[in-house]
Structure formats: C-alpha cells, structure tokens
Number of protein chains: 2
Amino acid sequence: MTYTAEIIAVGTELLLGGTVNSDAQDVSRLLSELGINVFFHTVVGDNPERMKQAVEIAKGRADIIITTGGLGPTFDDVTKQTLAEVFGKKLIFNEDVAEKIRSFFTMRLPNMDMPENNLRQAELPEGCTIFENAVGTAPGCAFESDGKHILMLPGPPRECREMLKNCVDPYLRKLSDAQIHSHNIHIIGLGESAVEDKLRPLMESLNNPTLAPYAKDGEVMLRLTAKAKSKELAEELMAPILEKVKDTLGDLIYGIDTDSLENTVVSLLREKGYTLAIAESCTGGLLSKRLTDIPGVSEVYIGSVVAYSEQSKTELLSIERDIISIHGEVSEEVAITMAKGVRKRLGATIGIGITGIAGPESDKSGKEPGTVFIALSTKDTVACRAPKLFFDRERIRISATNNALDMIRRLLTDLPLE
Amino acid sequence: MTYTAEIIAVGTELLLGGTVNSDAQDVSRLLSELGINVFFHTVVGDNPERMKQAVEIAKGRADIIITTGGLGPTFDDVTKQTLAEVFGKKLIFNEDVAEKIRSFFTMRLPNMDMPENNLRQAELPEGCTIFENAVGTAPGCAFESDGKHILMLPGPPRECREMLKNCVDPYLRKLSDAQIHSHNIHIIGLGESAVEDKLRPLMESLNNPTLAPYAKDGEVMLRLTAKAKSKELAEELMAPILEKVKDTLGDLIYGIDTDSLENTVVSLLREKGYTLAIAESCTGGLLSKRLTDIPGVSEVYIGSVVAYSEQSKTELLSIERDIISIHGEVSEEVAITMAKGVRKRLGATIGIGITGIAGPESDKSGKEPGTVFIALSTKDTVACRAPKLFFDRERIRISATNNALDMIRRLLTDLPLE
C-alpha cells in the first residue's frame, strides 16, 4: 500500500516568522524518497487547544502523522501530552531515558545543576518506540494507534535531521515491503530549462524509476529514483536510464552521488597532487571562500589575491599598466595575465584569473553587468571563458565561480576547457 | 478588533521537500508586526480538491486568509479558481493586466513569443483589489466575502516579498484603527543570551511596546514594537524604552533601523574618505566576499590577500619567515604584521589582518579551533583582538569577520578598539 503522511510543526516562533519551517522540508524530502505521499503540512503554536484541533484534522486524512517540535522541558511544550490525549495513551516516566538526560547534562555542562523540569522529557507514551537524540536531550518516539502511525521529533533542525537519518528512515522503511533507492546526477554548464529540454521526453515517459531536476546556485541536479523489492532490483530498473542520461549529457555530468562542485575539484587536486592559486576581481573573494569552506583544503590551495582595484592588480600581481589601459580591466588579456601572474607568484600548478562586472551598474567603459572573463593557466595551458551571465549581482558572482571550478575540473579530467 | 489570519502555501514542490516555505515566514513576520494573530500555516499541493479542503478549514477559523503560490500560467496553478469557487466569485478577464503581462514579456524576452497561456494570469475575481507584481508577471489580488478578507500572493519568494512590502502592508494597515511601528536595534559583540540576561527584567515587564531579541549569523537584533492610534503616539511609547536599551548596551549598538554590519562599515568608510585593505588567512576570503556583496564598494575597498599558506604570507605580504617561526602562523604578531603589510602594500588607510584556526582540526602546533587573532593597523594605531570563538567552522569564520568589521566601526566612530 501507499501511505499518506501529514507533517505538523509545533512552535509559536514559526507563526511569528522568527524561524523558517526547515524541519518540514527535511521530513518531506525523506518521505518523498521513501515513496510516502505528503498531502499537507500544518504549523500550529504552543497551544494545547489548537494543537489538538490540528491533530484531529490530520487523523482524519493521513495514515502517518509526524510532528516536529514541542518536546522540550518547559510548560509550553505540549506535543506529547496532546497526542497522548487524542490517541488515548498514558505518559509513563522512563528511568533509562531520565538517566541519559542526566548524563548528557553532566557531560556538556559539568558546572551546572540540571533544572528538574528536564526530566519531563523522560515521560513517554506507553508502549512507544524510543528514538534516541544523538545531539540533544529530548528523545523522539513513535507509536501505533487506531491503525495510524504517530511519530514525534524534536524541533531544533540539527536534532531533527539526525533523528530522521538514524531512527525515522529505518522505522518507516519497515512499514513498506518496497524499497526506494536513488542516484543524484550532478550537472554543471547547463541551465535547468536546457537540461529539461534535452530530457523531457525521457522524464515524461518514466513512471518507475522517476527522473526529476532540481536547480540550486547555478547548478542542476537530476534525481533518479526507483521503488522495488530489493536494492538490486531497484538498481536494475535504474541502470538503463542512467546510461541514457550519461549518453545525453556526457561530460556536463561532474559526478554521480557526489559532493558539491568545490569538493569534487578539491578531491581531484588532491588525487593529482596539483596546487591552486587564484586572482579574483568581480567575485571579490567568493571563489576563495567556497574553497576554504572545505576543511583541510590548505593541502592544495595556496592563496588568493582579491584584486578589486587597478592598484591591487599592478601591485600584487605585477600586471603592467599598459595591458590594462589597452584592453581594459575587464578583458580576456587581463584575466589571462591575472591567472599567469598569481600562479607564478605563489608557485602553484594552476592559476585562475577572474575579471568582470557583477553589477548592478555598468563600469566606466560601458561594459554591461554579466560580462565576465575567467582564465586558467598552467605551465603548458592557457584558456579563457567569456560567458554572458544573467540576473543579479549574486547570481553573476556565483556563476562566475562555477565556471572557474568547472574549468579546473575539466583540466584535471583531460576534457577540453571551453 | 484583533484579526486572526491563516497562511496557505500552495505548491507540490513544498510537499516534496524541494523548497522551504520561506513565503510563510515572510508573511508571518509582516502580520506579527501589524499585530495580526497567526494561528495556523497550511501547505497544500497543486490539487483543486485538497486545496478546497484547506480553504474551507481556514474559512472556519480565520478572518484573513493569505495564500502564496499557484498563480502561474499553467493548468496546475489552481489558487484563483479554488478561492473563487469557495467564495462564490466569478473570474473576469482584465485587459489592463493582460497588457502589462504582454509588455513585461516584450521587455524581458524580446526574441520570444509569449505563450498564450500566460494570459490566464489576467483572469481575476470580480471586484478584487489588484496587487501589482513589481518583479514578475502574475499579479496578486484581494477581495472581501462573507466578512473574510482573502489575499493571494505569488509563490516565488522575491515576488512575494516585494508584494508584501508594496501592496499587502498598506492594505492590511487600513483594516485596523491601530498602527504598529517598530525600531530595530542592531548589536555586535554580545551574544543572544548575554543580551537577554542584561534586559530580561525590562523585556518581561513590557506589554506595549514589546521588546524581543533575534539572533542571526553571530549578531543580535532587538525589535521594539508599539501599537497606537498614530505614529507619533507609538513613538512616544517607544522613546523611554529605547533610551533604557541605549543606556544598558551603550556602544555595543552599532545602529538603529540600519542595514547590515558590512553596510554600516562601508558607509562609515565613505563618510570619512578612508580606504581598506585586507589580509585574511583562516577566514579564506569571507571578509572580502561580505564587503564585495555591496555594489559600489570599490570606492573604499582596494583589495585583499587570502594568505592561506606560509608561502602566500611571505610572498604576497613580505612577512619575514623569522616572525612566523618564532611566534607561529597563528599569533598576535603575525596578525599585526599582516595588517600592516597589506595596508602599506596597497596604500590603504586601514589594514586588517586575520589569522586563526577555523577547525575542525587543530593546527600542527596544537592550537585549538576557535583560536583567532584579528588585527587592525592605521598610520597611527595598531590593535589586536584575540576572542575565543566557538561552535563549528562556519560560525568561527563568521564571528572572526564580525570582529574585524566591529573593529573598523569602532575606529571610525572614535571608540576603543578592544
């Protein structure tokens, strides 16, 4: 059977707009991967009456109710009490859970006495399955009643996410005799609508597996998902489609089930023993920031120059004023000279140079926002891309850094750079 | 009277976890500022039957229903049809709106024929107030029926946000005879719980105005909100509380009703005619990135060196190897030398040097993650902060850049730097 689920997030701060309901997104994503239909999300405040009303409505239209939030130690945490009442369950004090809460406190806050109300978190519905909280004190739990499955998860996004992965995923997989498996296909250098254009007939013809595109930060990801009795059968269903997608997109695919583009590039640099130096202008440090988000990147990344002014280009990269005055600061020649200059200066294997106009204004020479030159230099190679980038300052800057990362990836996998 | 509102977000992608419901947060925040109670959020897919069910429930428990999404041109955009049906309104083709949609297309996409289904967006409930869409094609609208107010807004977050500000805010203000006004007090250098500790008695004693803290990216903001018959009366209610907050927090307040910390710093640099150069190590370009997020920053920001390796520190900043070997790369001496070096090298008024350990691993000398030195140098001044920073790599990097920005702010407003 196909189950239907409803997600109820509990918390007045969500209704005041203080936080965004990211728990609902995380839960929805898991349920979608498991092939469980979600027809409604509800958000309700820390109010027993209205919470009860929301649960009664959900009970009438879903097989699985998953709540997030309201499991804390204070009087306005009402989730367990309300669900126990609606489904006629007693709350029972669990000594094992209480002991874990006490030791969590002692470990994290050795100099503080635990407020007694924390032990309210050890009261759980009779006969429930306990979900351990790997990163906080409030445990989650699940019980079955009137043919419905009720799951309660903590509200803090990190706690909710860990519990989804460690406890909810295995719990829900057991309800279904079918397994869901998927592959994420990561694409760079093609927009979402171009990907759709190339693959629409295939996507529309599929039922199991399914193939769907997701766009984020100038990249596109395709998710291929199959439902079958076993992992092997799911893989068998997916294999021919995966081949078709690979045939269609070729080297625009930078990875399957892989990490981010910057992680892919850093792994390739490590494998090959290459090092990287960067000179960036319009991207103003963004490319360096993305690479240094990765712990341990110092093995392969030497440093950058953010040459935001003519002065910094001549002083830090020894670019001759003539080159700038003849070709303009935003030109292929300057991008290439920046890439060469920073590579030699820092003794790196690969140098990157980026110059362009992020907008919203044009530069003094009248070049339009979105005009960007991205150059790569090695001992033997030099290449430059001049894509026309669109939308706003933020999108132009992200796309420019994506182009630079893609050029490095293509160099390190022996593909043409432009 | 106090109104009660319910927000219904329409879109299957929300139920699949593809996007987070940020529209509900934006709408909630506005309603909370206007003193309108929000008791429920609902999310429903692009499905007429379930959408109708959600609207019927909302109709029974709210005075104001605000929908987001489902106003697009395709067959699965069901919002207007469903609301018109539930409230017994006809949809009428509006020629003025159609003309605007046509000219929006011609302007943005001159080489493309407009798909005819776009004109479905010009069909609106009879007698409604039209909300112009400043950044997209689908207009929003509002109508009154059975004593309820129904407002429909587009789903794309940017379009929704613009419409909230330009159309929904004035529309809802007219419903109430009380006005809501607020001040945002921006704080740097004190965490949320420390701010709460200092102000808890005051916050708890207040009813109108109210005072509430919000934490984000290592900064804290206090929002002071008053409800009164006029702006003048609201200001009168807020004035004594604002004074008390100022007395308590003093120069930890970097602005009231102001922009971000980096915007504040860039404005101060402009006012004083100062220029800035940066040498950053563990923050890896993040400080430069934050500053260059601001259009036109090139007037005051010259450039940066991201000195991620010893080699880049000696080569680009001419730091003597001795200083590094005696004091270690992560030391006050190196931070100060970086600040001085980059200032002189790029001819800036102010130089910033940041060196530290962002983690998650310690460095080879065994210094722990969160150890960071932030130095500022001018012709006459030199100062260094060594805060102990916490949590994860991301938080440590953000806090380090906040410290640097705060030091520049304090220099430019003649406050002690440390």
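All figures in this text were calculated on a predicted structure; none of them were measured in a lab.

Undergrad: Explain the relation of the copies chain A and chain B residue by residue, including any values.
TA: Screw-axis analysis of chain A against chain B gives a translation of 0.5 Å along the axis, an RMSD of 0.6 Å, and a rotation angle of 180°. What we have between these two chains is a two-fold relation. When you check the interface residues of chain A against chain B, 100% turn up at the interface there too, and the contact is symmetric in its surfaces.

Undergrad: If you had to explain empty space enclosed by the protein to someone new, which residues and values would you point to?
TA: All told, the structure shown has five cavities of 30 Å³ or more when counted by the stated rule. If you add up the space inside the largest cavity, you get close to 110 Å³. Taken together, 16 residues form the lining of the largest cavity, with Asn21 and Ala24 of chain A together with Asn21, Ala24 and Val43 of chain B sitting closest to its centre. Mapped onto the lining of the largest cavity, the elements with two or more residues apiece are helix 2 (22-33) and strand 2 (37-44) of chain A together with helix 2 (22-33) and strand 2 (37-44) of chain B. By residue class, the composition of the lining of the largest cavity is eight nonpolar, eight polar and no charged. Computed from the structure, the second largest cavity encloses a volume of approximately 60 Å³. Taken together, Thr42, Ala54, Ile57 and Arg61 of chain A together with Glu6, Thr42, Ala54, Ile57 and Arg61 of chain B make up the lining of the second largest cavity.

Undergrad: Explain the packing of aromatic side chains to me, and be specific about the residues and the numbers.
TA: All chains considered together, the criterion is met by six aromatic pairs over all chains. Judged by centre distance (5.7 Å) and plane angle (80°), the rings of Phe131 of chain A and Tyr171 of chain A are edge-to-face. Of the two residues, Phe131 of chain A sits in strand 6 (residues 129-131) while Tyr171 of chain A sits in helix 6 (residues 157-175), which places them 40 residues apart along the sequence. Given the relative accessible area of 16%, Tyr171 of chain A is considered buried. On the numbers, 5.9 Å between centres and 75° between planes, the contact of Phe87 of chain B with Phe143 of chain B is edge-to-face. Within this pair, whereas Phe87 of chain B is found in the loop between helix 4 (79-86) and strand 4 (91-93), its partner Phe143 of chain B is found in strand 7 (residues 140-145), the two being separated by 56 residues in sequence. For the residue pair Phe87 of chain B and Phe143 of chain B, the accessibility class agrees, reading buried in each case. Above the face of the Phe39 of chain B ring, Arg50 of chain A is positioned so that its terminal group lies 3.5 Å from the ring centre. Just above the ring of Phe40 of chain B sits the side chain of Arg61 of chain B; from NZ or CZ to the centre is 3.5 Å.

Undergrad: Which residues make up the sheet that holds strand 12 (residues 253-256) of chain A, and what values do they have?
TA: Residues and elements named next belong to chain A. A sheet is described by the order of its strands in space; here four strands give the open sequence 10-11-9-12, paired in antiparallel fashion. Sheet topology places strand 10 (210-216) and strand 12 at the edges, where each strand pairs with a single neighbour. When the angles between neighbouring strand axes are averaged without regard to direction, this sheet yields 25°. One ladder, built from seven bridges, connects strand 10 with strand 11 (residues 219-228); its direction is antiparallel. In the sheet register, Leu211 faces strand 11, and the bridge partner there is Leu224. Lying over the sheet, helix 7 (residues 192-205) contacts strand 9 (179-187), strand 10 and strand 11, oriented at roughly 175° with respect to strand 10.

Undergrad: Account for the pairing of strand 14 (residues 301-307) of chain A, with residues named and values stated.
TA: In terms of burial, strand 14 of chain A is largely enclosed, as seven of its seven residues are buried. Here strand 13 (residues 276-280) of chain A pairs with strand 14 of chain A via five bridges, running parallel. Note on strand 14 of chain A: the bridge partner recorded for Ile278 of chain A is Ser304 of chain A. With helix 10 (residues 286-292) of chain A bridging strand 13 of chain A and the parallel strand 14 of chain A, this β-α-β connection has right-handed handedness. As paired elements, strand 14 of chain A and strand 14 (residues 301-307) of chain B share five bridges and run antiparallel to each other. Of the residues in strand 14 of chain B, the one forming a bridge with Val306 of chain A is Ser304 of chain B.

Undergrad: Provide a residue-level description of helix 8 (residues 231-249) of chain A, including the pertinent values.
TA: All names here are of chain A. Counted at 1.5 Å a residue, the expected span for helix 8 with its 19 residues is 27 Å, and the 26 Å between its end C-alpha atoms agrees. When the local axis directions of helix 8 are compared, the greatest deviation, roughly 35°, occurs at Met238, which is followed within four positions by the proline Pro240. Within helix 8, burial applies to Ala234, Met238, Ile241, Leu242, Val245 and Leu249. Those residues of helix 8 that are buried lie in contact with strand 9, helix 7, strand 10, strand 11 and strand 12. Of the residues flanking the end of helix 8, it is Gly250, one or two places downstream, whose phi is positive at about 55°.

Undergrad: Please give an account of the environment of Gly136 of chain A that cites residues and values.
TA: Residue and element names in this part refer to chain A. Examined against the element boundaries, Gly136 turns out to sit in the loop between strand 6 and strand 7 (140-145). A relative accessible area of 8% means that Gly136 is categorised as buried. Once the C-alpha coordinates of Gly136 and Arg158 are considered, the two residues, 22 residues apart in sequence, prove to be 9.0 Å apart. The contact partners of Gly136, leaving out residues within four places of it in the chain, are Phe104 and Glu159.

Undergrad: Outline the interface of chain A and chain B, listing residues and values.
TA: In this complex, chain A contributes 58 residues to the contact, which on the side of chain B involves 58 residues. With both chains or domains summed, chain A and chain B bury close to 4700 Å², and 58% of this area falls on carbon and sulfur atoms. Linking chain A to chain B there are four salt bridges. Residue Arg345 of chain A is joined to Glu315 of chain B by a salt bridge in which the shortest nitrogen-to-oxygen separation is 3.0 Å. Among the residues forming the side of chain A that touches chain B, the class breakdown is 24 nonpolar, 25 polar and nine charged. Here strand 2 of chain A pairs with strand 2 of chain B via five bridges, running antiparallel. Of the residues in strand 2 of chain B, the one forming a bridge with His41 of chain A is Val43 of chain B.

Undergrad: Just give me the short version of the sheet that holds strand 16 (residues 372-377) of chain B, but keep the residues and values in it.
TA: Judged by pairing direction, the sheet is mixed, and its ten strands sit side by side in the order 17(A)-16(A)-15(A)-13(A)-14(A)-14(B)-13(B)-15(B)-16(B)-17(B) without closing on themselves. Lying at the two open borders of the sheet, with one neighbouring strand each, are strand 17 (382-385) of chain A together with strand 17 (382-385) of chain B. Geometrically, the sheet is characterised by an average inter-axis angle of 10° between neighbouring strands, direction not taken into account. Contacting strand 13 (276-280), strand 14, strand 15 (350-356), strand 16 and strand 17 of chain B, helix 13 (residues 332-346) of chain B crosses the sheet at an angle of about 145° to strand 15 of chain B.

Definitions and cut-offs
Residues numbered from 1 in each chain as written. Chains lettered and ligands numbered in written order. Predicted model: local features only at pLDDT ≥ 70, side-chain atom pairs only at ≥ 80, totals over all residues. Heavy atoms only, no water. Least-squares fit on C-alpha atoms with pLDDT ≥ 70 in both. Contact = heavy atoms within 4.5 Å. 1 Å grid on protein atoms, 1.4 Å probe; cavity = no way out; pocket = protein on both sides within 12 Å on 5 of 7 lines; lining within 4 Å. Points joined across faces, edges and corners; volume = space filled by probe spheres on them. Helix = DSSP H or I, 4+ residues; strand = E, 2+ residues; numbered from the N terminus. Nonpolar A, V, L, I, M, F, W, Y, C, P; charged D, E, K, R; others polar. Phe/Tyr/Trp six-rings, centres within 6.5 Å; stacked < 30°, edge-to-face > 60°. Buried < 20%, exposed > 50% of the residue type's maximum accessible area, 1.4 Å probe, protein only. Lys NZ or Arg CZ within 6 Å of the ring centre and 35° of its normal. Pairing = 2+ DSSP bridges. Axes fitted to C-alpha atoms, helices over the stretch in contact; angles between N-to-C directions. Right-handed = clockwise from strand over helix to strand, strands pointing away. Expected span 1.5 Å × (residues − 1). Bend = angle between axes of the 7 residues up to and from the residue. Buried area = accessible area lost by both parts, 1.4 Å probe. Salt bridge = Lys/Arg side-chain N within 4 Å of Asp/Glu carboxyl O.

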